[in-house]
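If you want the building blocks of each chain, they are given just below.
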Amino acid sequence: MALARIARHGFRRSSGGMGNYASERYPLCEGESALKCHSPFSGNVTVCSNLLSIRKADHISFGSRGMKVTPQHNFAHAQVAVEESDSEHESPQYPTLEATRPGEKPRVVVLGSGWAACRFLKGLDTKIYDVVCISPRNHMVFTPLLASTCVGTLEFRSVAEPVSRIQTALAKDPNSYFYLASCSGVDTDKHEVYCETVSDGGHSREPYRFKVSYDKLVIASGAEPLTFGIKGVKEHAFFLREVTHAQEIRKKLLLNLMLSQNPGVSEEEKERLLHCVVIGGGPTGVEFSGELSDFITRDVHQRYAHVKNYIRVTLIEANEILSSFDVGLRQYATKHLTKVGVRLVRGVVKEVHPNKIVLSDGSDVPYGLLVWSTGVGPSEFVRSLNLPKSSGGRIGVDEWLRVPSIEDVFALGDCAGFLEQTGRPVLPALAQVAEREGKFLVELFNSIGKQNGGKALSAKDIALGEPFVYRHLGSMASVGRYKALVDLRQSKDTKGISLAGFISWLIWRSAYLTRVLSWRNRFYVAVNWGTTLVFGRDNTRIG
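Bear in mind the structure is a predicted one, so any value in this text is a computation, not a measurement.

**A closer look at the overall build of the protein chain**
Moving on, step 1. When helices and strands are counted, the protein chain shows 15 helices and 28 strands.
Moving on, step 2. Within the protein chain, the fraction of its 543 residues that count as buried is 52%.
Moving on, step 3. In the protein chain, 67% of the contacts between residues at least 6 apart in sequence involve partners at least 24 apart.

The following block contains the structure:
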């Protein structure tokens with residue numbers, strides 16, 4: 001047993017051993033030096049060299065490259081344990097997808113399922129690599145059309161593409177996997193990521209955790225909505241970044257419409273319930289306001305005639321709406337939104353209460369539905385990583401999207417930004433930026449793989465070619481009533497083509513229809529648009 005233990009410590013990478021990794025549940029570290037591990041669970045997850053607890057467990061290995069498992073007894077209520085034959089102490093062990101062996105394909109682990117991650121997955125050559133995708137959702141969201149699902153213009157499934165359809169190897173190849181989990185830490189020395197499964201809504205005493213070894217790691221975990229630390233935003237406002245967010249907004253909107261018709265509801269309460277407030281005048285906030293305006297004009301006035309005069313939309317922005325667009329387009333959007341009934345207010349939110357928001361000038365704005373769309377920032381996971389950071393707190397990368405000084409780790413999308421020493425600005429958190437970065441990185445990976453650089457620590461001497469260069473293709477936004485804006489300038493300070501009106505709306509719809517990932521979803525979107533045009537939006541509230 002002593003020889004086995006020595007072998008386990010001495011040949012950790014080749015044997016795929018569990019390593020030393022403990023949770024707060026087992027407060028085992030006391031005075032020992034910690035290994036290098038990055039985790040948002042500071043205090044919850046600790047990596048130590050010596051531990052003060054002994055646990056017992058049996059180990060089961062499924063296949064030559066499968067999970068090395070400590071039985072979890074249905075995962076939820078089991079204690080993680082490790083067997084020891086002498087007095088030397090070991091850490092609790094987690095199920096592990098072990099490191100690849102010589103002769104096997106290198107493994108790429110991708111964290112996330114957004115624009116950057118899915119564009120990377122789509123182009124990865126699975127004849128060269130095995131791939132593991134780890135994400136708390138099993139689909140990609142086509143975010144430009146997400147606002148349309150809130151009011152029933154599109155069905156939710158029309159904007160969601162399963163990851164296993166984007167990269168079929170995740171469903172078919174024996175050594176490629178999709179794991180529905182969140183990454184809780186990265187150990188760049190061991191080439192391992194630590195994960196925690198998504199909750200099933202039960203009352204488990206302890207989350208089920210596991211770890212995955214990688215040869216190359218791609219961090220594309222995205223960003224989270226910015227709240228600027230304003231009290232009450234997370235508790236009372238709805239965000240609009242996920243399909244689940246759109247579902248919640250739709251349910252709340254329809255609930256308020258129906259509740260406002262009940263007998264005994266005062267005039268003041270009707271006005272509050274049917275006041276939809278949008279915070280943030282970027283493309284998402286403007287498009288959602290436009291969709292709401294269409295919904296009110298065409299559907300609410302016909303199907304909720306008793307309360308049609310109470311429903312209204314207010315868009316609150318601290319500066320100008322659509323600040324990245326051409327001045328003429330901003331003016332057009334302002335006039336059009338005002339014309340279709342959207343009230344534009346310039347102000348800053350100070351506090352959010354259950355039924356009202358307080359602005360910095362002291363005024364109160366009652367609301368029934370509050371949608372928060374003020375941009376995105378680094379997630380808690382990204383902030384917790386002990387990696388180089390760019391301005392704004394994103395993971396710092398060089399011109400090839402590598403994390404400097406860390407072997408085999410790359411970052412892209414909303415969670416990554418160029419370091420200051422590259423001389424490049426941090427790119428905006430846009431879908432087209434993430435998609436272009438994903439396309440560049442997957443081509444780089446395929447090139448490295450063909451030169452036998454896919455394995456861990458094996459790409460140091462391989463020429464990477466030309467660095468990533470981003471060229472902005474333009475911006476588009478719908479403002480409702482068959483009107484849209486198209487700005488084809490490459491930057492705010494350059495000149496270019498700018499269009500507004502019905503022709504722009506046709507361009508907007510055509511462009512996004514062609515950008516939807518699969519023919520299946522393109523068909524869904526086209527049919528949904530046609531159905532809405534002929535029959536109106538569905539106002540069924542389910543759930």
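**Structural notes on the confidence of the model for the protein chain**
Moving on, step 1. Looking at the protein chain as a whole, its pLDDT mean stands at 85, while 82% of the residues score no less than 70.
Moving on, step 2. Counting interchain partners and residues more than four positions distant, the pLDDT-below-50 stretch residues 1-65 has 165 contacts.
Moving on, step 3. In this model, residues 67-91 is a region of pLDDT below 50 whose contacts with residues beyond four sequence positions or in other chains number 89 contacts.

**Structural notes on the packing of aromatic side chains**
Moving on, step 1. Using the criterion set out here, one finds 13 aromatic pairs in the structure.
Moving on, step 2. With centroids separated by 6.1 Å and ring planes inclined at 45°, the aromatic side chains of Tyr129 and Phe445 adopt a geometry described as tilted. A residue pair is termed long-range when its members are at least 10 positions apart, and Tyr129 in the loop between α3 (115-123) and β7 (130-135) and Phe445 in helix α13 (residues 431-450) qualify at 316 residues. Note on accessibility: Tyr129 and Phe445 belong to one class, buried.
Moving on, step 3. Taken together, the aromatic side chains of Trp115, Phe142, Trp508 and Tyr512 make up a single cluster linked through ring pairs.
Moving on, step 4. Above the ring of Tyr524, the side-chain terminus of Arg157 is found at 4.2 Å from the ring centroid.

**A word on the sheet that holds strand β19 (residues 356-359)**
Moving on, step 1. Strand order across the open sheet formed by three strands is β18-β19-β20, with antiparallel pairing between neighbours. A single partner strand is all that each edge strand has here, and the edge strands are β18 (349-352) and β20 (364-366). When the angles between neighbouring strand axes are averaged without regard to direction, this sheet yields 25°.

**Points about the environment of Gly413**
Moving on, step 1. Here Gly413 is to be found in the loop between β24 (409-411) and β25 (416-418).
Moving on, step 2. Taking the relative accessible area as the measure of exposure, Gly413 reaches 7% and is therefore buried.
Moving on, step 3. Along the chain, Gly413 and Arg436 lie 23 residues apart, while their C-alpha atoms are 9.0 Å from each other.
Moving on, step 4. Residue contacts for Gly413: discarding those within four places in its chain leaves Ala116, Arg394, Ala434 and Glu437.

**A word on the sheet that holds strand β26 (residues 475-480)**
Moving on, step 1. With antiparallel pairing, the three strands of this open sheet are ordered in space as β26-β27-β28. Edge positions in the sheet fall to β26 and β28 (498-501), since each has one partner strand and no second. With strand direction ignored, the average angle separating the axes of adjacent strands in the sheet is 10°.
Moving on, step 2. Taken together, the four bridges between strand β27 (residues 483-487) and β28 define a ladder with antiparallel strand orientation. Bridging from a neighbouring strand, Ala484 pairs with Gly501 of β28.
Moving on, step 3. Packing of helix α11 (residues 327-339) onto the sheet brings it into contact with β26, β27 and β28, and relative to β27 it is tilted by some 170°.

**A short note on the packing of helix α14 (residues 502-515) against helix α15 (residues 519-535)**
Moving on, step 1. Direction vectors running N to C along α14 and α15 enclose 150°, while the axes themselves pass 9 Å from each other. Relative to α15, the element α14 is oriented roughly antiparallel. Considering how the two elements wind past one another, α14 and α15 form a crossing that is right-handed. In this structure, α14 uses Arg509, Leu513 and Thr514 to contact α15, whose residues at the interface are Arg522, Val525, Ala526 and Trp529.
Moving on, step 2. Class assignment for the residues of the contact of α14 with α15 results in four nonpolar, one polar and two charged.

**So, the packing of helix α8 (residues 243-259) against helix α10 (residues 283-303)**
Moving on, step 1. Contact geometry of α8 with α10 gives a least axis separation of 14 Å together with a crossing angle of 35°. Every pair of crossing elements has a handedness; the one defined by α8 and α10 is right-handed. Where α8 abuts α10, its residues Ile249, Leu253, Leu254 and Leu257 lie against Phe288, Leu292, Phe295 and Val300.
Moving on, step 2. Tallied by class, the residues present in the contact of α8 with α10 amount to eight nonpolar, no polar and no charged.

**Quick word on the nonpolar core**
Moving on, step 1. Among the nonpolar cores identified, the biggest contains 122 residues, and Ile134, Leu145, Val193, Ile219 and Phe288 are the most heavily contacted of them.
Moving on, step 2. Apart from the residues lying within four places of it in its own chain, the contact partners of Val193 are Val109, Ile134, Cys183, Gly185, Val186, Phe210, Lys211, Val212, Tyr214 and Leu217.
Moving on, step 3. Membership of the second largest hydrophobic core comes to 16 residues, among which are Ile230, Ile316, Val345 and Val365.

**Overview of the pairing of strand β16 (residues 312-317)**
Moving on, step 1. For β16, the buried fraction is high: five of the six residues fall into the buried class.
Moving on, step 2. Relative to β16, strand β15 (residues 275-279) runs parallel, the two being bridged by five bridges. Residue pairing in the sheet places Val277 in a bridge with Thr314 of β16.
Moving on, step 3. In this region the chain leaves β15, passes through α10 and returns to the parallel neighbour β16; the handedness of that crossover is right-handed.
Moving on, step 4. Across five bridges, the pairing between β16 and strand β17 (residues 342-346) is parallel. Across the sheet, the residue bridging to Glu317 is Arg346, located in β17.
Moving on, step 5. Once the chain exits β16 it traverses α11 before rejoining the sheet at β17, and the crossover so formed is right-handed.

**Some words on α13**
Moving on, step 1. End to end, α13 covers 29 Å across 20 residues, agreeing with the expected 28 Å (1.5 Å per residue, within 8%).
Moving on, step 2. Counting buried positions along α13 gives 14 out of 20 residues, so the element sits mostly inside the fold.
Moving on, step 3. Asn452, located one to two residues past α13, shows a positive phi value of around 60°.

What counts and what doesn't
- Residues numbered from 1 in each chain as written.
- Predicted model: local features only at pLDDT ≥ 70, side-chain atom pairs only at ≥ 80, totals over all residues.
- Heavy atoms only, no water.
- Helix = DSSP H or I, 4+ residues; strand = E, 2+ residues; numbered from the N terminus.
- Buried < 20%, exposed > 50% of the residue type's maximum accessible area, 1.4 Å probe, protein only.
- Contact = heavy atoms within 4.5 Å.
- pLDDT = per-residue confidence, 0-100.
- Phe/Tyr/Trp six-rings, centres within 6.5 Å; stacked < 30°, edge-to-face > 60°.
- Lys NZ or Arg CZ within 6 Å of the ring centre and 35° of its normal.
- Pairing = 2+ DSSP bridges.
- Axes fitted to C-alpha atoms, helices over the stretch in contact; angles between N-to-C directions.
- Parallel < 35°, antiparallel > 145°, perpendicular 65-115°, else oblique.
- Left-handed = near helix turned anticlockwise from the far one by under 90°.
- Nonpolar A, V, L, I, M, F, W, Y, C, P; charged D, E, K, R; others polar.
- Core = buried A, V, L, I, M, F, W, Y, C linked by side-chain atoms within 4.5 Å.
- Right-handed = clockwise from strand over helix to strand, strands pointing away.
- Expected span 1.5 Å × (residues − 1).

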